[in-house]
Amino acid sequence: PICSNAVDEFKSPQEVADLMAQDKLTFVALSSGGVNIDAPESEQVAKHVAHAKFVHDAGGKYLQVTDDRPKNRAITAEDYKRLGQYLTAIGKQTAELGIPLGYHNHMGSLGQAPEEVDQILAAADPRYAKLELDIAHYFQGGGDPVKAIHKYSDRLLFLHIKDVEKISGDPKRNYRFVELGRGQVDLP
């Protein structure tokens, strides 16, 4: 995926389309950044829909979002519901552009652990909010990626195929991504 800073770095979506065509590449997804449930819904929808318009105009396929896990307060069941509602609202509008929305589970987000991903997806309309499953983050969050693929097969937009290993030392960063097959994710 291309990161959302590309929206500001390139003069136009056509410039991205031309670069992709020049190298015979496919613009799969734009990583639109985090959805902030503590910000007004309209602001969050506008930001991510603008990114989806860029994806559309550049010939891309999908928009992926993570979320900004609230800091300095306890997480409640209502937070997962609110994120699901925001994802639905964003996804309805990106769908009108022909750009499906995928929620990217991620360490440090509301969708870090499998049961958190479950709550978010349960609160989001499956027609408008798909899952862009990151198998390494899912594993690191305590889940089995194979089970998640089966469980969400009807909602999978695409996969991030990565590997991860646990490391000791820094308690804030107890893992690192490694070359496929060299970590703990079962990738034959």
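So, how was this worked out
- Residues numbered from 1 in each chain as written.
- Predicted model: local features only at pLDDT ≥ 70, side-chain atom pairs only at ≥ 80, totals over all residues.
- Heavy atoms only, no water.
- Salt bridge = Lys/Arg side-chain N within 4 Å of Asp/Glu carboxyl O.
- Helix = DSSP H or I, 4+ residues; strand = E, 2+ residues; numbered from the N terminus.
- Buried < 20%, exposed > 50% of the residue type's maximum accessible area, 1.4 Å probe, protein only.
- Phe/Tyr/Trp six-rings, centres within 6.5 Å; stacked < 30°, edge-to-face > 60°.
- Core = buried A, V, L, I, M, F, W, Y, C linked by side-chain atoms within 4.5 Å.
- Contact = heavy atoms within 4.5 Å.
- Pairing = 2+ DSSP bridges.
- Right-handed = clockwise from strand over helix to strand, strands pointing away.
- Axes fitted to C-alpha atoms, helices over the stretch in contact; angles between N-to-C directions.
- Parallel < 35°, antiparallel > 145°, perpendicular 65-115°, else oblique.
- Left-handed = near helix turned anticlockwise from the far one by under 90°.
- Nonpolar A, V, L, I, M, F, W, Y, C, P; charged D, E, K, R; others polar.

A.B. asks: Could you give me a rundown of the pattern of salt bridges, with the residues and numbers involved?
C.D. replies: Oppositely charged side chains are able to pair whenever their charged atoms sit close together. In total, this model carries nine salt bridges according to the counting rule given. Note that Lys53 and Asp57 form a salt bridge whose closest N and O atoms lie 2.8 Å from each other. Here Asp57 and Lys53 lie together in helix α3 (residues 41-57), a separation of four residues that amounts to about one turn. Given the relative accessible area of 41%, Lys53 is considered partly exposed. By relative accessible area, which is 32% here, Asp57 ends up partly exposed. Here Asp118 makes a salt bridge to Lys151, at a shortest N to O gap of 3.0 Å. Here Lys151 lies in helix α7 (residues 145-151) and Asp118 lies in helix α5 (residues 114-123), a separation of 33 residues in the sequence. Judged by its relative accessible area of 24%, Asp118 is partly exposed. Lys151 sits in the partly exposed class, given a relative accessible area of 48%. Salt bridges here are not isolated pairs; linked through shared partners, they connect Asp38, Arg73 and Asp79.

A.B. asks: Quick rundown of the packing of aromatic side chains? Include the residues and the values.
C.D. replies: When we look at a pair of aromatic rings, we describe it by the centre distance and by the angle of the planes. What the rule picks out here adds up to two aromatic pairs. Considering the side-chain rings of Tyr62 and Phe158, the 5.5 Å spacing of their centres and the 20° angle between planes classify their relative orientation as stacked. Here Phe158 lies in strand β6 (residues 156-160) and Tyr62 lies in strand β3 (residues 62-67), a separation of 96 residues in the sequence.

A.B. asks: Would you mind going over the nonpolar core in detail, with residue names and values included?
C.D. replies: Most often, soluble globular proteins have nonpolar side chains that are buried together. Ranked by internal contacts, the top residues of the largest apolar core, which has 40 residues, are Phe27, Val35, Leu63, Leu83, Leu87, Ile120 and Leu131. A total of six residues in this core trace back to one element, the largest contributor, which is helix α4 (residues 77-96). Once residues within four sequence positions are removed from consideration, Phe27 is found in contact with Ile2, Val16, Met20, Val55, Ala58, Gly59, Gly60 and Lys61.

A.B. asks: Give a detailed account of the pairing of strand β2 (residues 29-35), specifying residues and quantitative values.
C.D. replies: Counting buried residues in β2 gives six out of seven residues, a clear majority hidden from the surface. Bridging between strand β1 (residues 2-3) and β2 involves two bridges; their strand directions are parallel. Each residue of the ladder has a partner; that of Cys3, found in β2, is Ser31. At this point the chain moves from β2, through α3, to the parallel β3, and the crossover so formed is right-handed.

A.B. asks: Help me get a handle on the pairing of β3, residues and values and all.
C.D. replies: Counting buried residues in β3 gives five out of six residues, a clear majority hidden from the surface. Both β2 and β3 contribute to a ladder of five bridges, which runs parallel. Across the sheet, Ala29 pairs through a bridge with Tyr62, a residue of β3. Note: β3 against strand β4 (residues 101-104), three bridges, orientation parallel. Within β4, the position partnered with Val65 by the bridge is Tyr103.

A.B. asks: Tell me what's going on with the packing of α4 against α5, and back it up with residues and numbers.
C.D. replies: The N-to-C vectors of α4 and α5 enclose an angle of 50°; their axes lie 7 Å apart at closest approach. What the angle tells us is that α4 and α5 run oblique. Seen from above, α4 lies across α5 with right-handed handedness. Contact residues: Ala77, Tyr80, Lys81, Leu83, Gly84, Gln85, Leu87 and Thr88 in α4; Glu116, Gln119, Ile120 and Ala123 in α5. Here the residues of the contact of α4 with α5 are counted per class, giving six nonpolar, four polar and two charged.

A.B. asks: Go over the sheet that holds β6 with me, naming the residues and quoting the values.
C.D. replies: In spatial order, the strands read β1-β2-β3-β4-β5-β6; together these six strands make up an open sheet with parallel pairing. This sheet does not close on itself; its edge strands, each paired only once, are β1 and β6.

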